[in-house]
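The primary structure of each chain is shown beneath.
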Amino acid sequence: MPINKLALVRYKTIDNCLQNRFRKWTLEDLVEACSEALYEYEGITKGVSLRTVQLDLQNMRSEKLGYNAPIVVVDKKFYTYEDKNYSITNIPLTRQDLSTLSEVVDVLKQFKGFGYFDELTGMVSRLEDKIYKQTHKGKSYIHFERNDLLKGLEFIDPVHKAILNKRTLEISYQSFKAREASSIIFYAYLLKEYRNRWFVIGMKKDETFLTLALDRIVEVKEIEKEKYVKNTVFNTETFYNNAIGVTKSLNQREVPVVFKLERAHVPYVETKPIHASQQLLEKHDDGCVFKMDVVWNYELEREILGFGDSIEVLSPKNLRRRIHQRLNQALKKYHE
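The rules behind the values
- Residues numbered from 1 in each chain as written.
- Predicted model: local features only at pLDDT ≥ 70, side-chain atom pairs only at ≥ 80, totals over all residues.
- Heavy atoms only, no water.
- Helix = DSSP H or I, 4+ residues; strand = E, 2+ residues; numbered from the N terminus.
- Buried < 20%, exposed > 50% of the residue type's maximum accessible area, 1.4 Å probe, protein only.
- Areas by Shrake-Rupley, 256 points an atom, 1.4 Å probe, with all protein chains shown as cover.
- Phe/Tyr/Trp six-rings, centres within 6.5 Å; stacked < 30°, edge-to-face > 60°.
- Lys NZ or Arg CZ within 6 Å of the ring centre and 35° of its normal.
- Axes fitted to C-alpha atoms, helices over the stretch in contact; angles between N-to-C directions.
- Parallel < 35°, antiparallel > 145°, perpendicular 65-115°, else oblique.
- Contact = heavy atoms within 4.5 Å.
- Nonpolar A, V, L, I, M, F, W, Y, C, P; charged D, E, K, R; others polar.
- Polar contact = N/O pair within 3.5 Å; in protein donor to acceptor, adjacent residues only side chain to side chain.
- Pairing = 2+ DSSP bridges.
- Expected span 1.5 Å × (residues − 1).
- Salt bridge = Lys/Arg side-chain N within 4 Å of Asp/Glu carboxyl O.
- Disulfide = S-S within 2.5 Å.

Enquirer: Can you walk me through the overall build of the protein chain in this structure?
Expert: The helix and strand inventory of the protein chain stands at nine helices and eleven strands. Here the protein chain holds 336 residues, and 36% of them are scored as buried. Accessible area of the protein chain: about 22100 Å², with a carbon and sulfur share of 50%.

Enquirer: Mind showing me how you'd approach the packing of aromatic side chains here?
Expert: Given two aromatic rings, one states the distance between the centres and the angle between the planes to describe the pair. Per the stated rule, a full pass over the model turns up ten aromatic pairs. With a centroid separation of 5.6 Å and an interplanar angle of 80°, the aromatic rings of Phe-209 and Phe-234 are classed as edge-to-face. Within this pair, whereas Phe-209 is found in strand 6 (residues 209–213), its partner Phe-234 is found in the loop between strand 7 (217–222) and strand 8 (255–262), the two being separated by 25 residues in sequence. On the basis of relative accessible area, Phe-234 is assigned to the buried category, the value being 10%. Ring geometry for Phe-239 and Tyr-240: centres 4.9 Å apart, planes at 85°, overall edge-to-face. Note on accessibility: Phe-239 and Tyr-240 belong to one class, buried. Here the guanidinium or amino end of Arg-23 rests over the ring plane of Trp-25, the centre of that ring lying 4.1 Å away.

Enquirer: Looking at this structure, how should I read the packing of helix 1 (residues 5–19) against helix 3 (residues 50–61)?
Expert: The geometry of a pair of packed helices is captured by two quantities: the angle between their axes and the separation between those axes. Relative orientation of the contacting elements helix 1 and helix 3 amounts to 75°, with a least axis distance of 10 Å. Relative to helix 3, the element helix 1 lies roughly perpendicular. Along its contact with helix 1, which presents Arg-10, Tyr-11, Ile-14 and Asp-15, the element helix 3 presents Thr-52, Val-53, Asp-56, Leu-57, Asn-59 and Met-60.

Enquirer: Explain the packing of helix 2 (residues 27–42) against helix 3 here, please?
Expert: Axis separation between helix 2 and helix 3 bottoms out at 9 Å; the angle between their running directions is 100°. Here helix 3 runs roughly perpendicular to helix 2, going by the angle between their axes. Only Leu-50, Val-53, Gln-54 and Leu-57 of helix 3 make contact with helix 2, whose side of the interface consists of Leu-27, Glu-28, Leu-30, Val-31 and Cys-34. A class-by-class count of the residues in the contact of helix 2 with helix 3 yields seven nonpolar, one polar and one charged.

Enquirer: Can you walk me through the side chain of Asn-297 in this structure?
Expert: When you line up the elements, Asn-297 lands in the loop between strand 10 (287–294) and helix 8 (298–305). A residue is classified by how much of its surface remains accessible, and Asn-297, at 5% relative accessible area, is buried. Looking at Asn-297, its side chain comes within polar contact range of the main-chain nitrogen of Glu-299, at 3.3 Å.

Enquirer: Is there a simple way to think about the pairing of strand 2 (residues 78–81) in this case?
Expert: Two faces, one strand: in a regular strand the side chains alternate between the faces of the sheet. Bridge count for strand 1 (residues 71–74) against strand 2 is four bridges, and the pairing is antiparallel. Residue pairing for strand 2: Val-72 is matched across the bridge by Thr-80. Between strand 1 and strand 2, which pair antiparallel in sequence order, lie three residues; one of them, Asp-75, sits at a positive phi of approximately 55°.

Enquirer: Would you explain helix 1 in this entry?
Expert: Every α-helix carries 3.6 residues per turn, so stepping three or four residues along brings you back to the same face. In this model helix 1 runs 21 Å from its N-terminal to its C-terminal C-alpha over 15 residues, within 8% of the 21 Å that 1.5 Å per residue would give. Those residues of helix 1 that fall on the buried side of the exposure criterion are Ala-7, Val-9, Arg-10, Tyr-11, Thr-13, Ile-14, Asp-15, Cys-17 and Leu-18. For helix 1, the secondary structure elements touched by its buried residues are helix 2, helix 3, strand 1 and strand 2.

Enquirer: Any chance you could explain the pattern of salt bridges here in plain terms?
Expert: Two side chains carrying opposite charge are able to pair once their charged atoms lie near each other. For the coordinates displayed, the defined rule picks out 14 salt bridges. Between Glu-301 and Arg-322 there is a salt bridge, with the nearest N and O atoms lying 3.2 Å from each other. Of this pair, Glu-301 sits in helix 8 while Arg-322 sits in helix 9 (residues 317–332), and the two are 21 residues apart along the sequence. When its relative accessible area of 7% is taken as the criterion, Glu-301 is described as buried. A salt bridge links Glu-312 to Arg-320, with the shortest nitrogen-to-oxygen separation between them at 3.0 Å. If you follow the salt bridges from partner to partner, you end up with Glu-301, Arg-322 and Arg-326 in one network.

Enquirer: Where do I start with the environment of Ile-88 in this structure?
Expert: By the element assignment, Ile-88 lies in the loop between strand 2 and helix 4 (95–109). For the pair formed by Ile-88 and Asp-15, sequence separation is 73 residues and the distance between their alpha carbons is 6.7 Å. For Ile-88, the residues in contact, after removing those within four places along its chain, are Tyr-11, Lys-12, Asp-15, Met-60, Tyr-67 and Tyr-81.

Enquirer: Got a minute to help me understand the state of the cysteines in this structure?
Expert: Two cysteines joined by a covalent bond between their sulfur atoms form a disulfide. If you walk through the whole model with that rule in mind, you get zero disulfides. Free cysteine: Cys-34, not disulfide-bonded; nearest cysteine sulfur from Cys-17 at 6.6 Å.

This is the structure we're talking about:
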């Protein structure tokens, strides 16, 4: 059963709603959500009828689309998934899907060798591996870094659309230190990934520059009545060029960090630099001295500490003292 574009928008919208267990969804709520989605993505203003959404729910429950969605009605009024981990995006690929993906991969592979294709190379490898695994029902022979327990990925799409469409967001956010979530009026400017975690960078309504982890977000919704404030405070293309990770303030500048690495670890840092600014300054029999220009943040300290006793920070002196202090604190934990 082929799915037209508008139906797919509705199915995905209903799926997102039913996954959100922080709210109860009536049929009228689902109709409203689908109407808003069609207006946002397709510019359709006539909305969606109750009958259409009822048929959508029926189709999602059935085998027609291969979803077999476990949609249940609670208290004879509220719709939800019986299985809290279910999503239509998690179902296996159909033969038609595999055939279509194979054609897409064949087209993309023709562009290998072009500069602009470099960023797509990893994606094509993932697709090829996924198609092979599904087609042959066998093992995967290429493993990518992943974390199946990672939270917050469902917010990437709405946050990205808010950035593109310049829409103000109301974000329910609970930091690791907070006992409960709080509401934030937020202007999102940039999405950034670091070590499998996603972050959104932007400004609060009070003009506070802020970095939010998507895995600490509880809920995201657009606010039409709140005017979006455009980004005039930082360049999204270059802001993180001098940083490791995502921790950086607006006016923070880089510092020259000079460190010596033991000989055995030098090849690893030469083939995979800690930072793009890394330079080789000196070669010695017992190791090499490198320099990089980066902002001093938590991620820099963690990167240095990750080398254990194989690295020595030579400058700046205050960073050297900081690493010395943290190593001493760690050593105390191992005193018998």
